[in-house]
Amino acid sequence: MTTGSPYDWEEWGRSVPELRCTSSMEMPYEDPSAAAVRLTDAGLDDESAVYEQEGSWYFAAGSAVTLTASAVSVTARADGRTWTAEAGKRPLEVFAAALDALGDAGHQDRRFYGWSAFELAHILHGDPAAAGTRPLLHALVPCVEVSLTPGRAEIRAVDEAWARKVGELLAESPASATRPASVGVAPDRAEQLITDGTAAYGEAVARTVADIRAGLLEKAVVSRAVALPAGPVADFAATYLAGRRANTPARSFLIDLGGRKATGFSPETVLEVRQDGRVSTQPLAGTRALGPDPEENDRRRDELLTDPKEIHEHAVSVRLACDEMEAVCSPGSVVVEEFMVVRPRGSVQHLASRVTGRLRSGTGPWAAFASLFPAITATGSRKRAALSALVRYEEGPRGLYGGAVFRGGTDGSLDAALVLRTLLGEGDRAWLRAGAGVTGQSVPAREIEETCEKLRSVAPHLRYAEG
């Protein structure tokens, strides 16, 4: 094991194998999500990720090269070796420096996939003791990466063995590529899960409203966890397929990385950074149900656009998003490109805006991430005060919920999806979680119903392994 100088990351970067084998192929899968799940089901390695981004699905696998950060240290692995450096109360900066070393070592256009736990927020916003000791960031630099579009795959791998295995899997007919049997959740059981624990949640909302009216904060996004039963084993891949077909996400993902599992249908991005330095964020705040009745949906949409509580909540989120963007962008470049449009997101519809800007010279994507994370719409405002309220009124740490799943590259790009509408898992446990934006105008019964509306984006589509 090697410890602690900046040069260690360069050595780590040089130890990462290149993706030397590239190929493209036609495949019989017209649904890229089904192709991605086929690769996931194959169990190619201990870690894998599927990430949907703007019409393409990306699959990545391998466990030889990883990077993990806690509040105390950052650990990199490659070529059977381990490098460790002290985090020094700035784990995100050390984590980013290690990823930068990939580019410095000559890895051009190399991609990485990973997650950031919500508790990183406590490091970034002034209460490190609340961050705990568990990993806060994890990234995989894959041995194989596949870009999937309808009927076509682009494969990049470290060697011919990886490329051949993936090619063989994708060449199989979808009809012959059977996956393990799974069973769905009964509708009444889904509703029972959704309404579990609402009384305690209502009390937490009421206490938060009292704090807001006392002037302690403006808004807090208070959430509640819903544990899945201990008996059946959740089938994350089958849940992903069923849930993706019923949702309209900004991003979707299916990950098994760093000991944590998640399959989600993210309604918004925390940030999107392009290679040319353009950065954007997509705050969503303000919610109404979205169901099968078009007339009722239109009525709820009109209600959403005229509800003072929802409009205030959304405007506060957009204002703070602009402030956070201006902290890392060139003067005058930050603009609100969309304001308060209504976006369908599975079982709900949201008020949505988009704030864009251009990164200042010398400012990288992780500095932007640090400024924008965690998303205002999963935290509240001001963030430090909101985080204190969440520590008081939520049970236990959030983990991935309200954090991010990301895909980035050595070209300076970074795309981070907000972890909402997600089935979460660790060890033998699996659970759902949902929250609602609490303001001084909030009524506990309405915020309870909002969490139920959001949980319906996932709960009815749960699948369990058969047997």
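Preceding block: the structure.
Residues numbered from 1 in each chain as written. Predicted model: local features only at pLDDT ≥ 70, side-chain atom pairs only at ≥ 80, totals over all residues. Heavy atoms only, no water.

### A few points about the overall build of the chain
Step number 1: Along the backbone of the chain there are 13 helices and 26 strands.
Step number 2: Its C-alpha atoms give the chain a radius of gyration of 22 Å, near enough to 23 Å, the size a compact globule of 467 residues would have.
Step number 3: Each principal axis of the C-alpha atoms in the chain carries an extent, and together these give about 60 × 50 × 40 Å.
Step number 4: The buried share of the chain, reckoned over its 467 residues, is 59%.
Step number 5: In the chain, 74% of the contacts between residues at least 6 apart in sequence involve partners at least 24 apart.
Step number 6: For the chain, the accessible surface area stands at approximately 18,200 Å², while carbon and sulfur atoms represent 50% of it.
Step number 7: With 51 positive and 63 negative side-chain charges, the chain shows a separation of 2 Å between the mean positions of the two kinds. (Helix = DSSP H or I, 4+ residues; strand = E, 2+ residues; numbered from the N terminus. Rg over C-alpha atoms; globule rule 2.2 N^0.38 Å. Buried < 20%, exposed > 50% of the residue type's maximum accessible area, 1.4 Å probe, protein only. Contact = heavy atoms within 4.5 Å. Areas by Shrake-Rupley, 256 points an atom, 1.4 Å probe, with all protein chains shown as cover. Lys, Arg positive; Asp, Glu negative; His and termini not counted. Charge placed at Lys NZ, Arg CZ, Asp CG, Glu CD.)

### Considering empty space enclosed by the protein
Step number 1: The tally for this structure, following the rule as stated, stands at four cavities of 30 Å³ or more.
Step number 2: By volume, the largest cavity amounts to about 160 Å³.
Step number 3: In terms of lining, the largest cavity is formed by 21 residues, of which the most central are Leu 284, Thr 377, Leu 420, Arg 421 and Lys 454.
Step number 4: When contributions to the lining of the largest cavity are tallied by element, the ones reaching two or more residues are strand S18 (284-289), strand S25 (429-438) and helix H13 (444-455).
Step number 5: Counting residues per element, the lining of the largest cavity draws most heavily on S25, at five residues.
Step number 6: Class assignment for the residues of the lining of the largest cavity results in nine nonpolar, six polar and six charged.
Step number 7: By volume, the second largest cavity amounts to about 90 Å³. (1 Å grid on protein atoms, 1.4 Å probe; cavity = no way out; pocket = protein on both sides within 12 Å on 5 of 7 lines; lining within 4 Å. Points joined across faces, edges and corners; volume = space filled by probe spheres on them. Nonpolar A, V, L, I, M, F, W, Y, C, P; charged D, E, K, R; others polar.)

### Focus on the packing of aromatic side chains
Step number 1: Counting across every chain of the model gives seven aromatic pairs.
Step number 2: Here Trp 366 and Phe 369 contribute two aromatic rings whose centre-to-centre distance is 5.2 Å and whose plane-to-plane angle is 70 degrees, an arrangement assigned as edge-to-face. Of the two residues, Trp 366 and Phe 369 are both situated in helix H11 (residues 365-372); the distance of three residues between them amounts to about one turn of the helix. Grouping residues by exposure puts Trp 366 and Phe 369 together as buried.
Step number 3: The rings of Phe 95, Phe 112, Trp 366, Phe 369, Phe 373 and Phe 406 are connected pair by pair, giving a single aromatic cluster. (Phe/Tyr/Trp six-rings, centres within 6.5 Å; stacked < 30°, edge-to-face > 60°.)

### Considerations on the layout of surface pockets
Step number 1: Volume-wise, the second largest pocket comes out at about 420 Å³.
Step number 2: What lines the second largest pocket is a set of 23 residues, and nearest its centre among them are Thr 40, Asp 41, Ala 237, Asp 256 and Lys 261.
Step number 3: At the level of secondary structure, the elements contributing two or more residues to the lining of the second largest pocket comprise helix H2 (32-41), strand S4 (56-61), helix H8 (236-246) and strand S14 (251-257).
Step number 4: A class-by-class count of the residues in the lining of the second largest pocket yields 12 nonpolar, three polar and eight charged.

### A look at unusual backbone geometry
Step number 1: Here Phe 373 and Pro 374 are connected by a cis peptide whose omega angle stands at -10 degrees.
Step number 2: One can find Pro 374 in the loop between H11 and strand S21 (380-381).
Step number 3: The step from Ser 381 to Arg 382 runs through a cis peptide bond, and the omega angle for that step is -25 degrees.
Step number 4: Examined against the element boundaries, Arg 382 turns out to sit in the loop between S21 and helix H12 (383-393).
Step number 5: Notably, Glu 54 is not glycine yet its phi reads approximately 50 degrees, a positive angle.
Step number 6: Unusually for a residue other than glycine, Met 340 sits at a positive phi of about 55 degrees.
Step number 7: If you trace the backbone, Met 340 turns up in strand S19 (residues 335-345).

### As for the nonpolar core
Looking at soluble globular proteins, one finds that nonpolar side chains tend to be buried together.
Step number 1: In terms of nonpolar packing, the biggest core is built from 76 residues, with Trp 9, Trp 12, Leu 67, Phe 95, Leu 271, Trp 366 and Phe 369 touching the most fellow members.
Step number 2: Broken down by element, the residue count for this core peaks at eight residues, all from helix H3 (residues 91-104).
Step number 3: What Trp 9 contacts, discounting residues up to four positions off in sequence, is Leu 67, Val 74, Ala 76, Trp 83, Ala 85, Val 94, Ala 97, Ala 98 and Ala 101.
Step number 4: Met 27, Leu 148, Val 226 and Val 458 belong to the second largest nonpolar core, which has 52 residues in total. (Core = buried A, V, L, I, M, F, W, Y, C linked by side-chain atoms within 4.5 Å.)

### Concerning the environment of Trp 57
Step number 1: Within the secondary structure layout, Trp 57 lies in strand S4.
Step number 2: Exposure remark for Trp 57: the relative accessible area of 9% places this residue in the buried category.
Step number 3: Between the alpha carbons of Trp 57 and Thr 410 there is a distance of 19 Å; along the sequence they are 353 residues apart.
Step number 4: Discounting chain neighbours no more than four positions away, the residues touching Trp 57 are Pro 32, Ser 33, Val 50, Tyr 51, Glu 52, Val 146, Ser 147, Leu 148, Tyr 240, Arg 244 and Ser 252.
Step number 5: Side chain to side chain, Trp 57 and Tyr 240 meet in a polar contact 2.8 Å long. (Polar contact = N/O pair within 3.5 Å; in protein donor to acceptor, adjacent residues only side chain to side chain.)

### A few points about the pairing of strand S22 (residues 404-409)
Step number 1: Counting buried positions over the six residues of S22 gives six, a clear majority of the element.
Step number 2: The alternating pattern of S22 places Ala 404, Phe 406 and Gly 408 and Val 405, Arg 407 and Gly 409 on opposite faces, both of which are buried.
Step number 3: When strand S8 (residues 111-116) meets S22, the two strands line up antiparallel, connected through six bridges. The partner of Gly 114 across the bridge, within S22, is Phe 406.
Step number 4: Across five bridges, the pairing between S22 and strand S23 (residues 414-418) is antiparallel. Paired with Ala 404 across the strands is Leu 418, a residue of S23.
Step number 5: Taking the residues between adjacent antiparallel strands as the criterion, S22 and S23 are bridged by four residues, where Gly 412 takes a positive phi near 95 degrees. (Pairing = 2+ DSSP bridges.)

### Considering the state of the cysteines
Step number 1: The full count for this structure, using the stated rule, is zero disulfides.
Step number 2: Cys 322 takes part in no disulfide bond, and the closest cysteine sulfur, belonging to Cys 329, lies 10 Å away.
Step number 3: A relative accessible area of 2% means that Cys 329 is categorised as buried. (Disulfide = S-S within 2.5 Å.)

### Some thoughts on the environment of Leu 320
Step number 1: When you line up the elements, Leu 320 lands in helix H10 (residues 308-326).
Step number 2: In sequence terms Leu 320 and Ile 376 are 56 residues apart; their C-alpha atoms lie 7.5 Å from each other.
Step number 3: With sequence-adjacent residues up to four places away left out, Leu 320 is seen in contact with Ile 376, Ser 381 and Arg 382.

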